[in-house]
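These are the residues of each chain, in order.
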Amino acid sequence: MLPAQAPSVYTGAANVIAVLILLAEFGMFRQALLRDQVRLYAGQSVLIAVLAVLVAAVRHLPELYVLAAVTVALKAVAIPLVLRRLLRGTAPGHPLDVSHDIAGSGGLGLASTVLIGIAVAAFGFFSATVLPVSGGGAPVTALSVSLSVVLVAFVLMIHRRDVASQAIGLFSLENGISLAALVVAASLPLILEVALLFDLLLAVVVFGLLIRLHHGRAETLSTTDLTDLRG
Amino acid sequence: MLPIPVIQVLQVLTIIGAGPGVSGVIARVEARLQGRRGPRVLQPYYDLAKLFRKEALAPAGASWVFLAAPVAAFTCYLTVPLLIPVLTTFPLPLGYMGDILGGGFILSLAGFLVAVAALETGSPYAQLGASRAKTFAAITEPVVLFVVFTVALLTATDLPYALAATVRSSAGQIIRPAHVLAAAALFMVILYETGRIPVETHSGTNEFGMIEEARSFEHSGPYFALLKWGSAAKQLILYTILLNVFVAPWGLAATRQPWAVVLAMAALPAKACVLGGVVAVIDNSFAKLRLFKITEFAAAAFLLAVLGVFTLYLGGG
């Protein structure tokens, strides 16, 4: 067996950032506090921006700098702010009441969910290798990582029982797609990328409404009660 | 030019000589971070000297295993430094006795012997510590295995010298995700193995949370000194593996010149103290995990190690 070839520094760095994005996704998995989940989401978005800057610098794609700036402004600053305000709004009149701050846990223990996450991430990894993609911007390994991010975000949304975590799962899923876009089509017209970002903004508004509405009706962020049919 | 056998002996002497000192530096830094003055850096040496002068007692009913285990475990800790790059970049002849896995086996043999001695005592705390240590060791074992797989995929061998040379060879080798992930996973395992904060309080007297520390409760005198010295040496061995193989394989002697070897002997404790400082900061910034949360810590380390192997299989790691 031959030793695995070393990638170039650029490829290695891009892949490390991609893996860090995946790890942030796993971090959201493990976090029990919604506040920390939002923080991790902001961190993940910053990592996307860093990757965009890296790709822009190495591949000479200046419009990616703009994308990075918009990403930071929107996903690392605006959306976390909005989410935090929404979450604050759901604690009824008690600024110190932290019971609403705790994300509803899923049905499984943490260690087993991480193992499921690993299995799903592995599926994403190896299914991406059969895709006939030759990278435009970032290295192709980052594409398989992005597939894993999307799949793990799905698992996050499925196993968490509260609206806020599910919203964060959806937003971080979009981060996975941004990562894939950076890999496959780094030189995608900026207007399309920005349109995607504003799509996300729309999702935030919709989810904000949903969180408010759900909390107003059920006095909780948990979605477990939604399974009871009422005549 | 130093003869090779001398360098091999110096490897062992560096580890057992500097081990307690590194522990002392960590204790000092930790105390400083907490606003205390802290013990002298040389305090562990004074402790050992004191313990060696003391009388040794054994619980009634304990067999010869109880007294033999500390000596045998210490011998294990004397053996491992021969297998890993402690002072030199070039492999020394005895380095081919065993690979990373072999070194790991010898370290676990030492842990097993200490656990058996703890079971000999009949003391509930020592037995509890031994049983916990073995339980959690079984959970961290897969992490170590996956780290070894990563090393094997990176270098096509699993000799620690080969990985150190690979890491030194280019910047691309350092930044590749597989290497970063494996090093991070190994660091988490080392936090567990040296009984540091997310897993265990190192210097407390809280028996309920104890894992490794509780095992030596019944030992006394020179035997206890050997156990303490052994755990300090084990800590430095693990730090050496992380530093000289994974993270910072620089400052090693490339030739057999005496000054180069002496420089390497000074560089290793210095690097270990820097790493110890990081560990002390972690010690002070996190709370101890509840006992049943340790599986989650191990799961996180396992995640890192598995991702490392995955990225390698994709060809981009």
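Predicted, not measured: the structure shown is a model, and the values here were computed from it.

Q: Please explain the overall build of chain A as it appears in this structure.
A: When its secondary structure is counted, chain A shows seven helices and zero strands. The secondary structure elements of chain A, listed N-terminal to C-terminal, are α-α-α-α-α-α-α. Going through the 231 residues of chain A one by one, you find that 44% of them count as buried. Looking at chain A alone, contacts between residues at least 24 apart form 75% of all its contacts between residues at least 6 apart.

Q: When you look at the overall build of chain B in this model, what are you seeing that I'm missing?
A: Looking only at helices and strands, chain B features 11 helices and zero strands. The N-to-C order of helical and strand elements in chain B reads α-α-α-α-α-α-α-α-α-α-α. Relative to the compact-globule value of 20 Å for 317 residues, chain B shows a C-alpha radius of gyration of 19 Å, a close match. If one aligns the C-alpha atoms of chain B with their principal axes, the spans along those axes are about 55 × 45 × 40 Å.

Q: Where do I start with the nonpolar core in this structure?
A: Most often, soluble globular proteins have nonpolar side chains that are buried together. Grouped together as the largest cluster of nonpolar side chains are 177 residues, with contacts concentrated most on I21 of chain A together with A185, A301 and A305 of chain B. Residues within four places of A301 of chain B in sequence aside, it is in contact with V143, A185, M188 and V189 of chain B.

Q: Help me understand the interface of chain A and chain B, please; the structure alone is not making it clear to me.
A: One frequently used descriptor of interface size is the decrease in accessible area upon assembly of the parts. Residue-level contacts link 27 residues of chain A with 25 residues of chain B. Only α1 (9–30), α4 (110–128) and α5 (141–159) of chain A provide two or more residues apiece to the side of chain A that touches chain B. Among the elements that line the side of chain A that touches chain B, the one with the most residues is α1 of chain A, at eight residues. A per-class count over the side of chain A that touches chain B returns 20 nonpolar, seven polar and no charged.

Q: Looking at this structure, I do not really get the packing of helix α2 (residues 34–59) of chain A against helix α6 (residues 163–184) of chain A. What am I missing?
A: When two helices pack together, their arrangement is given by the angle between their axes and by how far apart the axes lie. Residues and elements named next belong to chain A. Following both chains from N to C, one finds α2 and α6 inclined at 10 degrees, their axes separated by 10 Å at the closest point. When the axis of α2 is compared with that of α6, the two are roughly parallel. Along the contact surface, α2 presents L34, Q37, V38, Y41, Q44, S45, I48, L51, A52 and V55, while α6 presents A164, S165, I168, F171, S172, N175, S178, L179 and L182. Its residues assigned to classes, the contact of α2 with α6 comprises 12 nonpolar, seven polar and no charged.

Q: Whenever I open this one, the confidence of the model for chain A confuses me. Can you help?
A: Detail in the predicted coordinates should be disregarded across regions flagged by low pLDDT. All names here are of chain A. When pLDDT is averaged along chain A, the result is 80, and 84% of the positions lie at 70 or above. Model confidence for chain A, summarised as mean pLDDT per element, is weakest for helix α7 (residues 190–218) at 81 and strongest for α2 at 90. Here residues 94–99 is a poorly scored stretch, pLDDT under 50, and it has one contact once near neighbours within four places are set aside; other chains count.

Q: How should I be thinking about the packing of α6 of chain A against α7 of chain A in this particular structure?
A: Residues and elements named next belong to chain A. At a closest axis distance of 10 Å, the pairing of α6 and α7 adopts a crossing angle of 170 degrees. Here α6 is positioned roughly antiparallel relative to α7, judged by the angle of their axes. Contact residues: α6 offers V163, A164, A167, L170, F171, E174 and A181, while α7 offers E193, L200, A203, F207, L210, I211 and H214. For the contact of α6 with α7, a count of residues per class yields 11 nonpolar, one polar and two charged.

Q: Could you clarify how one ought to interpret α1 of chain A in this entry?
A: Since the α-helix turns once every 3.6 residues, residues separated by three or four places project in the same direction. Along its 22 residues, α1 of chain A runs 31 Å from first to last C-alpha, staying within 8% of the 32 Å computed at 1.5 Å per residue. Burial analysis of α1 of chain A places 18 of its 22 residues in the buried class, which makes it a mostly covered element.

Q: Whenever I open this one, the environment of D99 of chain B confuses me. Can you help?
A: All names here are of chain B. Looking at the secondary structure, you find D99 in the loop between α3 (64–79) and α4 (100–121). Of the residues examined, D99 has 20 C-beta atoms within 10 Å and is grouped as buried. Sequence-wise, D99 and T157 are 58 residues apart; in three dimensions their C-alpha atoms are separated by 8.6 Å. In this structure, D99 is in contact with D158 and L159, ignoring residues within four places of it in sequence.

Q: Would you mind going over the environment of H60 of chain A with me for this structure?
A: Structurally, H60 of chain A can be placed in the loop between α2 and α3 (63–90). Along the chain, H60 of chain A and S187 of chain A lie 127 residues apart, while their C-alpha atoms are 10.0 Å from each other.

Q: Explain helix α6 (residues 160–169) of chain B to me, please; I cannot follow it from the model alone.
A: Residues and elements named next belong to chain B. Here α6 lies mainly inside the structure; seven of its 10 residues are buried. Of the residues making up α6, those classed as buried are P160, Y161, A162, L163, A164, T166 and V167. Residues of α6 that are buried sit in contact with α4, α5 (124–155), α7 (171–175), α8 (177–193) and α9 (221–247).

Q: How should the confidence of the model for chain B be read in this particular structure?
A: Of the residues in chain B, 97% have a pLDDT of 70 or more, and the chain-wide mean is 90. Across the whole predicted complex the pTM is 0.90, and at the interface the ipTM reaches 0.83.

Q: In this structure, what is going on with unusual backbone geometry? I would like to understand it.
A: Trans is the common state for peptide bonds, and a negative phi is the common state for residues other than glycine. Residue H60 of chain A is not a glycine yet carries a positive backbone phi of 55 degrees. Residue A156 of chain B is not a glycine yet carries a positive backbone phi of 65 degrees. Relative to the helices and strands, A156 of chain B is located in the loop between α5 and α6.

Rules behind the numbers
- Residues numbered from 1 in each chain as written.
- Chains lettered and ligands numbered in written order.
- Predicted model: local features only at pLDDT ≥ 70, side-chain atom pairs only at ≥ 80, totals over all residues.
- Helix = DSSP H or I, 4+ residues; strand = E, 2+ residues; numbered from the N terminus.
- Buried ≥ 20, exposed ≤ 12 C-beta atoms within 10 Å, placed from the backbone.
- Contact = placed C-beta atoms within 7 Å.
- Rg over C-alpha atoms; globule rule 2.2 N^0.38 Å.
- Core = buried A, V, L, I, M, F, W, Y, C linked by C-beta atoms within 7 Å.
- Nonpolar A, V, L, I, M, F, W, Y, C, P; charged D, E, K, R; others polar.
- Axes fitted to C-alpha atoms, helices over the stretch in contact; angles between N-to-C directions.
- Parallel < 35°, antiparallel > 145°, perpendicular 65-115°, else oblique.
- pLDDT = per-residue confidence, 0-100.
- Expected span 1.5 Å × (residues − 1).

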